[in-house]
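Read off the chains here:
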Amino acid sequence: MTDILRLYFDFGYWWKSLPALLRGAVVTFELASATLIIGLTLGLALAVLRALRRRWLSIPVVIFVDASRAVPSIVVIFLLFFALPYADIRMAAFPCAVLALAANLAAVAEEAFWAGIQAVPRGHSEAARTLGLSPLLILGLVVLPQGIRLGIPLLTGKAISITKDTSLASVVAVPELLNQMSTEQGVYANPSPLMLGALMFLLIFMPLVQVSRWAERRYRWVA
Amino acid sequence: MDGFSATFLNFRSLLPVLPLLLSGLRVSAILIVTIIPSALLLGLALALCQRLGGRIPRAVLVAYTDFFRSFPPLVLLVFLYSALPLAGLRLDEFQTVVIGLVLNGSAFFGEIFRAGIESVPIGQWDAAYALGLAKRQALLRVVLPQGIRAVIPPLASNVVELAKATSLAAAVSLPDLLTSARQAQDIIYNPTPLVAVALVYLIVFWPLVRLLSILDARNVQIRQT
């Protein structure tokens, strides 16, 4: 037992691999921020397009959303990274991963915001119309602010799941935390870096999971 | 455009690697039918034990759920695959993926079942007790059936997510659908196998995703009225 402990909790190796793992954590953070910013913005934009209720706008939106939810992100990363170069479109691994994850998040966010928009009682937009607001103003000032709020609790859990998917970037050798963990383990032929990295992942995501649990309770829809 | 389809949709070029892709498809299918029922059952057991157990088992189970919900599934797979052998516990690729995803999936399912059980009004418990049912009977026969019905949409959505997550098997080089597509691509020097695999996922999961959207939309309408 002590042997096993010594194997995984070898603080000498922890100390040696710490700089590389911290660099990895920074890349993980960059991946996550880029994914969240692009994904949430795009998702909101798509939901607004759909809320305009023009068939020629909403059909492409629904097709994009469904396709992005149906195909696993790792398959999309492989497509962007390994298949696109055949068309002479070459992207570095980092943007490939961000694009794939952001597309996935955009789809999930669109669904959530759209559900929120639909849940705004019809009476509100009717009231706005009797006050003489134009359809665009009704959407922007009355429906969207409420719809976004209603959509958020549907979104938190899934947004965190997608943030955790930043570890997928390691399969195309983006030097994020998981990738650094594996590399360091290879360098020292010792699993201590893996153990330290796993603890760092827990440290990053445990609070997020707690926050999402709290947010879901706080904003839970009443039946 | 011709160049595009010759490169990306050159399905004739798939013929020589078709057996490889089919064996990959088979592995993915086996993964899905092994992992999903196991994770659902384990998740249900977790939720029931949380309800029936005392304070200490409950705390342990909450820790289990939070732990595996916090861990990115791929990190868990890599850990099981490359850290455990050094302690003498060697899992093959298939076992790694099954154990990793069942641990991950059961944490999510446990949380959903727990929410379902909690959503049942307390009056249902009181009524069951008034009829002379013991705690276990009240839970299994009265509360659980209603609780599960309440959480079918999130359950379904997590089943789909877990099924999609089996593609992570590629990261520990289990020869699943995605791995075989990568190998096939290297053999015929053409990206069509990858495109074909994306299409397979699209065809299999699109109907499910559509169904989920419909379930969600119906849920929103029910909550509104």
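Within each chain, residue numbers correspond to sequence positions counted from 1 in written order. To read the labels, note that chains go from A and ligands from 1, taken in the order they are written. At least 70 in pLDDT is required for a residue's local features to be given in this predicted model, at least 80 for side-chain atom pairs to be given and counted, and no such filter applies to totals for whole chains, interfaces and linings, which use all residues. With hydrogens and water stripped out, all remaining heavy atoms of the structure feed into the side-chain values.

Points about the environment of L18 of chain A
Residue and element names in this part refer to chain A.
Part 1: Working definition: helices are DSSP H or I runs of at least four residues, strands are E runs of at least two. Numbering for both runs from the N terminus. By secondary structure assignment, the location of L18 is in helix α2 (residues 11-51).
Part 2: Residue class for L18 comes out partly exposed when judged on its relative accessible area of 23%.
Part 3: Linking L18 and E184, residues 166 residues apart in sequence, is a C-alpha distance of 9.4 Å. Between buried and exposed lies partly exposed: a residue is buried under 20% and exposed over 50% of the maximum accessible area for its type, with that area taken using a 1.4 Å probe on protein chains only.

Thoughts on a nonpolar patch on the surface
Part 1: Only residues above 30% relative accessible area that lack a salt bridge enter a patch, with like-charged residues linked at up to 9 Å and the nonpolar side chains Val, Leu, Ile, Met, Phe, Trp and Tyr linked at up to 5 Å. Here the open area of atoms and residues is found with the Shrake-Rupley method and a 1.4 Å probe, where only the protein chains shown may cover a residue. Should a side-chain nitrogen of Lys or Arg be within 4 Å of a carboxyl oxygen of Asp or Glu, the pair is scored as a salt bridge. Together, F4, L9, F11, L199 and I203 of chain B line one region of the surface with nonpolar side chains, adding up to about 460 Å² of accessible area.
Part 2: Within the secondary structure, I203 of chain B sits in helix α10 (residues 192-224).

Let's talk about the environment of A170 of chain B
Residues and elements named next belong to chain B.
Part 1: Counting through the fold element by element, A170 comes out in the loop between α8 (152-165) and α9 (177-188).
Part 2: On the accessibility criterion, A170 (17% relative accessible area) is buried.
Part 3: In this structure, the C-alpha to C-alpha distance between A170 and E118, residues 52 residues apart in sequence, is 38 Å.
Part 4: Here A170 is in contact with D176, L178 and T179, once residues within four sequence places are set aside. The criterion used for residue contact is that any of the two residues' heavy atoms lie within 4.5 Å.

What to know about the nonpolar core
Part 1: Side-chain atoms within 4.5 Å link the members of a nonpolar core, which is a set of buried Ala, Val, Leu, Ile, Met, Phe, Trp, Tyr and Cys residues. In terms of nonpolar packing, the biggest core is built from 125 residues, with M181 of chain A together with L31, I35, V97, I117 and L178 of chain B touching the most fellow members.
Part 2: Top contributing element to this core by residue count: helix α5 (residues 93-119) of chain A, with 13 residues.
Part 3: With near-sequence residues (within four places) excluded, L31 of chain B lies in contact with F94, V97, V98, T166, A169 and L174 of chain B.

Notes on the interface of chain B and chain A
The accessible area lost on association of the parts is a frequent measure of interface size.
Part 1: On the chain A side, the residues contacting the 47 residues of chain B number 54 residues.
Part 2: Buried area between chain B and chain A, summed over both chains or domains, comes out near 4,500 Å², and the portion from carbon and sulfur atoms is 68%.
Part 3: We note a salt bridge from D66 of chain A to R210 of chain B, for which the minimum N-O separation is 2.4 Å.
Part 4: Polar contacts here mean pairs of N or O atoms no more than 3.5 Å apart (in protein, one a potential hydrogen donor and the other a potential acceptor; neighbouring residues in sequence count only if both atoms are side-chain atoms). In this structure, the connection of chain B to chain A is made through 10 residue pairs in polar contact (both at pLDDT 80 or more).
Part 5: Looking at the side of chain B that touches chain A, the elements with two or more residues in it are α1 (2-8), α3 (55-70), α4 (73-82), α5 (93-119), α8, α9 and α10 of chain B. Simply put, the buried area is the total loss of 1.4 Å probe accessible area from both parts when two parts are fitted together.

Observations concerning the pattern of salt bridges
Part 1: For the structure shown, the criterion picks out eight salt bridges over all chains.
Part 2: For E118 of chain B, the salt bridge is made with R114 of chain B, and the minimal N-O distance between the two is 2.7 Å. With E118 of chain B and R114 of chain B both in helix α5 and four residues apart, the pair spans about one turn of that helix.
Part 3: Its relative accessible area of 15% is what places R114 of chain B among the buried residues.
Part 4: A salt bridge links K164 of chain B to E161 of chain B; the shortest N-O distance between them is 3.6 Å. Remark: E161 of chain B and K164 of chain B occur in helix α8; sequence separation between them is three residues, near one turn of the helix.
Part 5: Classification of E161 of chain B as partly exposed rests on a relative accessible area of 40%.
Part 6: By sharing partners, the salt bridges in this structure join R50, R69, E110 and E111 of chain A into a single network.

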